[in-house]
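What follows is each chain in one-letter form.
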Amino acid sequence: MTKRAPFFSRPVPVVSFIVIAVLVDQFIKLAVETWLPLEQPVHVLPMLALYRTYNFGVAFSMLSGMEGWFIVALRLVVVAFVTWLWRQTPKERGLAHAGYALIIAGAIGNLVDRLLFGYVIDYVLFYTATWSFAVFNLADSFITIGAGIILLDEVLQSRGRRHKA
């Protein structure tokens, strides 16, 4: 009897997850566009505000001076590369596959914005009286959490190899 691959290591569940994650991301961005004022903070908690703004670059507005087609192409390359990594990673590494799925979902969510509007809709702001973090969105969170999960998987794999040696 063969052991079944982890959830995020199987194509149908991972594609389903990515589609649902992108739809949730787009639904939230539609709600933000509909109800949140542009560039006016709506304070939710101390140090957390909803703040609708547009990002014409990539993460944290990097490359915002670049042409739109370049940024679209860059995002497509990232999706293709991470998909390739997902396929190359051994099936038993479900944690890494979950991280790749999150990165792909986030990249596609922001790519949809870029294709539809020419910019990405951002709306979450962490701040203090003297500091504020870049405004971001759910898709950005998917990418960041996905990268963190992949790093965690690498650490766990490394520890596992050390203990076996």
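Residues numbered from 1 in each chain as written. Predicted model: local features only at pLDDT ≥ 70, side-chain atom pairs only at ≥ 80, totals over all residues. Heavy atoms only, no water.

A look at the confidence of the model for the protein chain
No. 1: The predicted model of the protein chain averages 90 in pLDDT, with 89% of residues at 70 or higher.
No. 2: Least confident of the elements in the protein chain is helix α2 (residues 68-88), whose mean pLDDT is 88; most confident is helix α1 (residues 11-35), at 97. (pLDDT = per-residue confidence, 0-100. Helix = DSSP H or I, 4+ residues; strand = E, 2+ residues; numbered from the N terminus.)

Some remarks on the nonpolar core
No. 1: The biggest cluster of nonpolar side chains holds 20 residues, and the ones touching the most others in it are V14, I18, Y100 and A105.
No. 2: Elements with a minimum of two residues in this core: α1, α2, α3 (94-117) and α4 (138-164).
No. 3: Considering each element in turn, this core owes the most residues, nine residues, to α3.
No. 4: In this structure Y100 touches V82, L85, W86, T89 and I150, once residues within four positions along its chain are discounted.
No. 5: The next biggest cluster of nonpolar side chains, apart from the first, holds eight residues, and it includes L36, L48, V124 and F136. (Core = buried A, V, L, I, M, F, W, Y, C linked by side-chain atoms within 4.5 Å. Buried < 20%, exposed > 50% of the residue type's maximum accessible area, 1.4 Å probe, protein only. Contact = heavy atoms within 4.5 Å.)

Some words on α1
No. 1: An ideal rise of 1.5 Å per residue puts 36 Å on 25 residues; α1 measures up with 36 Å between its terminal C-alpha atoms.
No. 2: Listed as buried for α1 are P13, V14, I18, A21, V22, D25, Q26, K29 and V32. (Expected span 1.5 Å × (residues − 1).)

Some thoughts on a nonpolar patch on the surface
No. 1: Together, V42, V44, L45 and L50 make up an exposed nonpolar region whose accessible area comes to about 300 Å².
No. 2: Tallying contributions element by element places strand β1 (residues 42-45) first for the nonpolar patch, with three residues.
No. 3: Following the sequence through the fold, V42 ends up in strand β1.
No. 4: Residue classification places V42 among the partly exposed residues on the basis of a relative accessible area of 30%. (Patch = residues over 30% accessible without salt bridge, like charges linked within 9 Å, V, L, I, M, F, W, Y side chains within 5 Å. Areas by Shrake-Rupley, 256 points an atom, 1.4 Å probe, with all protein chains shown as cover. Salt bridge = Lys/Arg side-chain N within 4 Å of Asp/Glu carboxyl O.)

Some details on the pairing of strand β2 (residues 48-55)
No. 1: Of all eight residues making up β2, six are buried, and the element is well covered by its neighbours.
No. 2: Here β1 folds back onto β2, and the loop between the two strands holds two residues, one of which, M47, carries a positive phi near 80°.
No. 3: In the sheet, β2 pairs with strand β3 (residues 120-126) via six bridges, with the strands oriented antiparallel. Each residue of the ladder has a partner; that of N55, found in β3, is V120. (Pairing = 2+ DSSP bridges.)

Some words on the pattern of salt bridges
No. 1: Summed over all chains, the structure comprises five salt bridges.
No. 2: A salt bridge links R93 to D153, with the nearest nitrogen and oxygen atoms 2.3 Å apart. Of this pair, R93 sits in the loop between α2 and α3 while D153 sits in helix α4, and the two are 60 residues apart along the sequence. D153 carries the same exposure label as R93, and that label is buried.
No. 3: Through salt bridges with shared partners, one network takes in D25, K29 and D113.

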